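Tertiary structure, described
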Amino acid sequence: MPVPGVPILEGLYPSTLDLYPFEAKEFNRIHQFYENLRQKRFTTTKCKKCGNVPFPPRVVCPQCNSEDLEWVDLPTQGKVLRFTEEVAGVPLGFESPLIHALIDLGVGRKLISRVINCKEGQLKEGDTVKLAVYDVPPMIIEKRGGVMEEAPRVFFAFEPVK
Amino acid sequence: MEDVAIVGAGQSVFARSCGESIRELCFEAYKEALEGLDITGNDIDASVVCSAPEYDKQRSPSGLISEYLELTPKPTFYVETVCSSSSTGLRVAWSLIKAGLHKTVAVIGFQKMSELSSRDAAERMGRGGDIIWESPFGITMPAGYAMYARAHMARYGTTEEHLAKVRVKNSHYGVANPKANYRKELSLEDILNSEMITSPLKKFDCCANADGSSCIILAGGDVAKSITKKPIWVVGLGAATDTMSMAGRKSLTGLQCAQEAAKQAYEMAGVKPQDIDVAEVHDCFTVSELLAYEDLGFAKPGEGAGLLEDKETYVEGKIPVNVDGGLLSKGHPIGATGGSQIRTIVRQLRGEATEAQVKDAEIGLVHNIGGVGQYGNVTILRR
Ligand SMILES: CC(C)(COP(=O)(O)OP(=O)(O)OC[C@H]1O[C@@H](n2cnc3c(N)ncnc32)[C@H](O)[C@@H]1OP(=O)(O)O)[C@@H](O)C(=O)NCCC(=O)NCCS
Ligand SMILES: [Zn+2]
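For clarity, every value in this text was computed on a predicted model and none was experimentally measured.

On to the site of ligand 1. Residues and elements named next belong to chain B. Neighbouring ligand 1 are 18 residues; Arg16, Ser118, Tyr182, Lys203 and Cys206 lie closest to it. Within the side chain of Arg167, one N or O atom sits 3.3 Å away from a nitrogen atom of ligand 1. Between ligand 1 and Tyr182, the relevant distance is 2.7 Å, taken from an oxygen atom to a side-chain nitrogen or oxygen of the residue. Taken by itself ligand 1 offers 920 Å² of open surface, and the protein chains cover 73% of this. Mapping ligand 1 onto the cavity grids shows that it belongs to the second largest pocket.

Right, here's the structure in full:
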């Protein structure tokens with residue numbers, strides 16, 4: 001489809017406008033996180049040398065600089081500490097309500113995530129939410145000879161526990 | 001080492017849509033900053049250009065702006081810390097002068113946001129978060145600050161009415177500011193009844209995107225005294241960061257980057273919060289101004305709303321804040337905002353803030369925050 005006013009974009013994949021991470025192994029060193037996510041596992045890396053378990057996952061331990069890390073599972077349920085329901089002015093590519101929450105996973109770990117499959121007015125602070133994995137548009141990788149390959153992708157959010 | 005002073009300060013009118021290109025926009029602020037000075041562009045040794053690049057077609061704007069202001073072949077540098085870019089620019093300019101590299105430096109901040117819809121701008125702003133771990137959720141600046149608001153409400157009993165009172169004050173002063181976009185007095189009801197954006201923040205709790213530019217000219221002490229009768233001295237500089245990811249924050253009831261930057265600035269200036277006569281704080285949202293009262297030590301944690309209830313942050317109060325209408329009235333052209341706040345304090349300390357002059361203001365403070373509490377700059381000025 002021609003792009004109005006931008007003829008050079010026709011048929012091209014504007015990679016820097018893609019909001020989802022480049023998950024394929026060609027582009028990062030934590031692609032295992034996404035492989036695990038596909039299996040509905042929420043994981044991070046643990047340092048085998050000093051025992052440090054940072055999140056997000058790393059390739060070098062930020063505490064002792066060891067590269068000897070292993071993948072470990074994090075809880076897939078947590079409690080909503082704070083949240084906000086964005087009903088107007090949501091970014092292009094998203095629909096309202098867009099619900100964001102600060103979630104306590106226990107084990108001394110908090111994270112920010114979207115809460116999906118949840119109606120406006122339904123969520124309360126203290127509610128339990130669980131990991132939800134969903135497909136996002138594939139990433140297009142340009143191979144030699146201009147061949148375009150599609151790399152499938154998943155991303156995560158949390159959803160209310162019924 | 002020589003002291004550093006602000007000799008000139010200017011800004012364009014902040015408007016939803018300026019109808020000109022970024023170079024033309026920048027020239028307006030530059031022209032106002034030079035007014036009344038015994039120098040011309042030839043006397044400016046270097047420029048620091050500040051904006052957030054995601055709203056523009058132009059890349060590397062510093063070279064372009066420097067050419068249009070006819071500052072070539074003087075060096076120019078591009079500085080970015082999103083919404084606090086131009087106060088970071090001031091810090092860089094100060095160091096350049098202190099180091100003896102340059103005598104007179106112009107800090108030019110700008111942003112033209114009208115080429116994008118609010119939702120497109122929100123998408124690009126969201127990329128100023130952690131692009132792998134948080135931006136893909138579609139989190140925006142209003143949503144981030146909304147979570148701070150909820151945390152403050154839960155911990156201290158702050159109410160939506162308290163938040164609205166920030167806009168009541170700022171809209172009151174916005175009326176008198178010819179550079180502001182919104183110049184209408186708003187009542188508590190107007191604000192509480194405005195449409196919900198992201199709970200608990202309503203439309204009038206938010207600043208609006210805008211086009212605008214600012215320009216601050218700094219010079220070393222001797223030069224400063226020779227080109228203006230009213231140099232305003234930069235006596236305190238504080239700068240700090242917090243985690244890019246919201247999940248990494250220690251608490252959501254205050255901005256740690258602002259607390260840290262304030263501590264540094266007070267220490268360097270040798271003053272205390274109660275010594276400040278007038279302040280400009282980063283009220284991108286109503287809650288942000290309340291957080292600023294506490295982070296800057298104008299009120300104890302949790303007691304910011306009380307300061308407002310007692311009207312202590314009005315012109316006649318103990319510590320007048322944002323008496324130019326703030327970002328909430330002026331609009332928030334990202335890279336231009338810090339320079340506009342500095343300009344307001346400069347005018348206050350020179351006794352030239354005719355619209356809302358704080359009597360005998362001698363020491364002023366500027367609090368400028370980048371992102372949802374990622375970058376914090378606190379600057380203390382003295383006449
Ligand atoms: C609050 C917000 C979501 C409203 O977006 P929106 O509803 O899409 O707003 P629009 O741009 O379509 O404007 C709609 C109308 O509301 C007005 N308006 C928008 N924001 C306003 C505000 N804060 N105060 C008063 N009026 C406002 C506009 O002027 C416009 O009026 P008009 O049609 O008479 O010109 C948007 O202004 C926003 O995202 N603000 C925050 C910007 C931000 O995050 N900045 C960085 C902070 S650190
Ligand atoms: Zn380790």
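What follows covers the layout of surface pockets. It is the rolling of a water-molecule-sized probe over the atoms that shows where space remains empty. Computed from the structure, the largest pocket encloses a volume of approximately 970 Å³. Forming the boundary of the largest pocket are 25 residues, of which A:Leu17, B:Glu54, B:Asp120, B:Glu123 and B:Arg124 lie nearest the centre. Ranked by the residues each element gives to the lining of the largest pocket, the list is headed by helix H4 (residues 118-126) of chain B, at three residues. If you add up the space inside the second largest pocket, you get close to 600 Å³. Forming the walls of the second largest pocket are 29 residues, and the residues nearest its centre are B:Ser118, B:Cys206, B:Cys207, B:Ala208 and B:Asn209. Elements that contribute at least two residues to the lining of the second largest pocket include exactly H4 and helix H5 (141-156) of chain B. Each residue belonging to the lining of the second largest pocket can be placed in one class, and the counts come to 17 nonpolar, seven polar and five charged.

Given 3.6 residues to a turn, an α-helix orients residues that are three or four positions apart in the same direction. Of the positions making up H4(B), those classed as buried are B:Asp120, B:Ala121, B:Ala122, B:Glu123, B:Met125 and B:Gly126. On the buried face of H4(B), the contacting elements are H5 of chain B.

Analysis parameters
- Along each chain, the written sequence defines residue order, and numbers are assigned to residues from 1.
- Throughout, the order in which chains and ligands are written sets their labels, letters from A for the former and numbers from 1 for the latter.
- Totals for whole chains, interfaces and linings use all residues, but because this is a predicted model, local features are given only for residues with pLDDT of at least 70 and pairs of side-chain atoms are given and counted only at 80 or more.
- As a rule here, side-chain values come from all non-hydrogen atoms in the structure, and water together with hydrogens is ignored.
- Proximity criterion: a residue is near a molecule or strand once any of its heavy atoms comes within 4 Å of it.
- Two N or O atoms count as a polar contact when they lie within 3.5 Å, although within protein this holds only if one can serve as hydrogen donor and the other as acceptor, and sequence-adjacent residues are included solely when both atoms are side-chain atoms.
- Surface accessibility follows the Shrake-Rupley procedure with a 1.4 Å probe radius. Residue values consider only the protein chains on display as shielding.
- With a 1 Å grid spanning the protein atoms alone, the term cavity applies to any set of points in which a 1.4 Å probe fits but cannot get out, the term pocket to an open set with protein on both sides within 12 Å along at least five of seven lines, and the term lining residue to any residue with an atom within 4 Å of a point.
- For a molecule to be placed in a cavity or pocket, more than half of its atoms must lie within 2 Å of the grid points of that cavity or pocket.
- Grid points are joined across faces, edges and corners, and a volume is the space filled by probe spheres set on the points.
- Here a helix means four or more residues in a row that DSSP labels H or I, a strand means two or more in a row labelled E, and each is numbered from the N terminus.
- Gly counts as polar in this scheme, as do all residues outside two lists: the nonpolar Ala, Val, Leu, Ile, Met, Phe, Trp, Tyr, Cys and Pro, and the charged Asp, Glu, Lys and Arg.
- Throughout this description, buried means an accessible area under 20% of the type-specific maximum (1.4 Å probe, protein chains only), exposed means over 50%, and partly exposed covers the range between.
- Whether two residues touch is decided by their heavy atoms; if any such pair falls within 4.5 Å, the residues are in contact.

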